[in-house]
Amino acid sequence: MALNTQRKLVLLGATGSIGRSTIDIVEQAPQSFSIEAVAGGRDVDALAELAIRVGARFAAIRDEKLYGALKSALSGSKVEPAAGAKAVVEAALHPADIVVGAISGAAGVEPTYAALAEGRTIALANKECLVCAGGPFMRKVAEMKATILPLDSEHDALWQALGGADAKSVEKLIITASGGPFRTWSAAQIAAATREQALRHPNWSMGQKITIDSASMMNKGLELIEAHHLFGVPADRLDVLVHPQSIVHGLVAFADGSVTASLYSPDMRVPIAHCLAWPDRLKTNARRLDLAEIATLTFEKPDLARFPALGLAMDALRQGGAMPTVLNAANEIAVAAFLAGEVAFPEIARIVGEACERAARDNLAREPASIEEALAVDHIVRESSRTSLALKARSGMVTVQ
Ligand code: NDP
Ligand code: MG
């Protein structure tokens, strides 16, 4: 089942988990897609190998120092190498029908926004773009009459469950959370969690940053903020349900009492295929859903006492302005520190909470008028979170497992 015309894609974050799943979908439907340009962060060998394999014309690596390595890895191929932040933006601006935004973290903001500012259609996995700069992003979408296709599974599920209804008119949009590896753990057990335990997600295989966010449930908080921007729905009409089987991804509750839901196996290739083919459908070899085999689907309320990061994100969403920008920046610093073995797991939420308090005190949380303003707040918060971490480390206040 091929699409009528071949769609040209740009793949930002090609070497990552979403990048590779996207390439898998493209390789299953070579008549339907071509990949024109790819971009990655530091993994030159993987980027060069993928660029040659998919027949891209242009490959950009973010780290400027890696230009020579990329050039030699691509020598003899038809792929043009480039390096640095501008090169990633150049990749994003390559002529394409869809730009897949799959860079991890706020590092994706500039290239993804650049593509949007040219009116490109974005299939967006990189939720941190909307958490860091949701206001500027959505204003640009309206100005350019551009389209963001929600690639994150919960948002893809909401989009499918809406079935064309206006999200603003529904009673509730509900996203589900697996609960992560610590769903059944006590607060004391979570406090002693190691990096390896936090990286062992029960249902999904993903990049490290989002896997830690899933363990802290910050990921679900980021997704509520993402849903708010994508669907234009306020905080009090957005909800989270913990659903350990990760089969139902999103539910829409309508005013007449009916609820629609979207179900699929926890395999990101399903929402990727849906976004890339929309409004058509592709045939993929993604795992089929066998409900009789699964037999039981369970749901429970999230526990904000054991997962304070989710509560912090809900507060940031309610406060609005640049508070989500602050939350995201501090979280990226905190997750990197946890992954580097510098802080214990509960410090992640503590660092984020303190950054939000500092921002409120310093009057930093006004709505960013532009992408530059959002990135300036992001920068300030990263610096102050790093300083505060270093101070704590020096005074022995940070506990490490
Ligand atoms: P990965 O860590 O697996 O991949 C991240 C990608 O971004 C890599 O290609 C990496 O390159 C690249 N990258 C990192 N920094 C930069 C930079 N500064 N400039 C250009 N490229 C950069 O992450 P995931 O694929 O798991 O996640 C990507 C995004 O999608 C995240 O925002 C995540 O929240 C979201 N998402 C992921 C899901 C999943 O199942 N994985 C599900 C839903 C959303 P390199 O390899 O060289 O470091
Ligand atoms: Mg998700």
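Note that residues are indexed from 1 along each chain, following the sequence as it is written. Chains and ligands are labelled by the order in which they are written, letters from A for the one and numbers from 1 for the other. Only residues with pLDDT of 70 or above have their local features reported here, since the model is predicted, and side-chain atom pairs are shown and tallied only from 80 upward, although totals for entire chains, interfaces and linings are computed over all residues. Side-chain numbers here rest on the full set of heavy atoms in the structure, without hydrogens or water.

## Focus on the sheet that holds strand 1 (residues 7-12)
Whether two strands pair depends on DSSP finding at least two bridges between them. Helix and strand definitions follow DSSP, with helices as H or I runs of at least four residues and strands as E runs of at least two, each counted in order from the N terminus. What the seven strands build is an open sheet, ordered 4-3-2-1-5-6-7; its pairing is parallel. Each end of this open sheet is capped by a strand with a single partner; those strands are strand 4 (80-83) and strand 7 (148-150). Averaged over all neighbouring strand pairs, the angle between strand axes comes to 20°, with direction disregarded. Where strand 1 meets strand 5 (residues 98-101), four bridges bridge the pair, whose relative direction is parallel. Each residue of the ladder has a partner; that of L9, found in strand 5, is I98. Contact criterion: two residues are considered in contact whenever any of their non-hydrogen atoms come within 4.5 Å of each other. Convention adopted: a line fitted to C-alpha atoms gives each axis, helices being fitted over their contacting stretch, and angles between N-to-C directions are expressed from 0 to 180 degrees. Sheet strands in contact with helix 5 (residues 109-117) are strand 1, strand 5, strand 6 (121-124) and strand 7, and its direction is about 150° off that of strand 6.

## Let's talk about unusual backbone geometry
What you tend to see is this: most non-glycine residues have negative phi, and most peptide bonds are trans. Across the junction of W278 and P279, the peptide omega takes the value 5°, indicating a cis bond. Structurally, the position occupied by P279 is in the loop between helix 12 (269-277) and helix 13 (291-294). Despite not being glycine, K145 shows a phi value in the positive range, around 50°. Summarising the element assignment, K145 is placed in the loop between helix 6 (128-144) and strand 7. Remark: exposure states derive from per-residue accessible area (1.4 Å probe, protein chains only) relative to the maximum for the residue type, with buried under 20%, exposed over 50%, and partly exposed in between. Taking the relative accessible area as the measure of exposure, K145 reaches 73% and is therefore exposed.

## A short note on the side chain of H155
Its place among the elements puts H155 in helix 7 (residues 153-162). N or O atoms closer than or at 3.5 Å make up a polar contact, with two conditions inside protein: a donor-capable atom paired with an acceptor-capable one, and, for residues adjacent in sequence, both atoms drawn from side chains. Within the structure, H155 has its side chain in polar contact with the side chain of E226 (distance 3.2 Å). Contact partners of H155, with chain neighbours within four places excluded, come to P150, E223, E226, A227, L230 and F231.

## Overview of the pattern of salt bridges
In a structure, side chains of opposite charge can pair up when their charged atoms sit close to one another. By definition here, a salt bridge exists when the distance from a side-chain nitrogen of Lys or Arg to a carboxyl oxygen of Asp or Glu is within 4 Å. Applying the stated criterion across every chain, the model contains 26 salt bridges. Two residues, E49 and R53, come together in a salt bridge whose shortest N-O distance is 3.7 Å. Pair noted here: E49 and R53 are both in helix 2 (residues 44-54), with a separation of four residues, about one helical turn. Judged by its relative accessible area of 39%, E49 is partly exposed. The salt bridge partner of E367 is R139, with a shortest N-O separation of 3.2 Å. Placement of E367 in the loop between helix 16 (346-361) and helix 17 (371-394) and of R139 in helix 6 is noted, with a sequence separation of 228 residues between them. Judged by relative accessible area, which is 41%, R139 ranks as partly exposed. The network of salt bridges with shared partners includes K127, D152, E154, K220 and E223.

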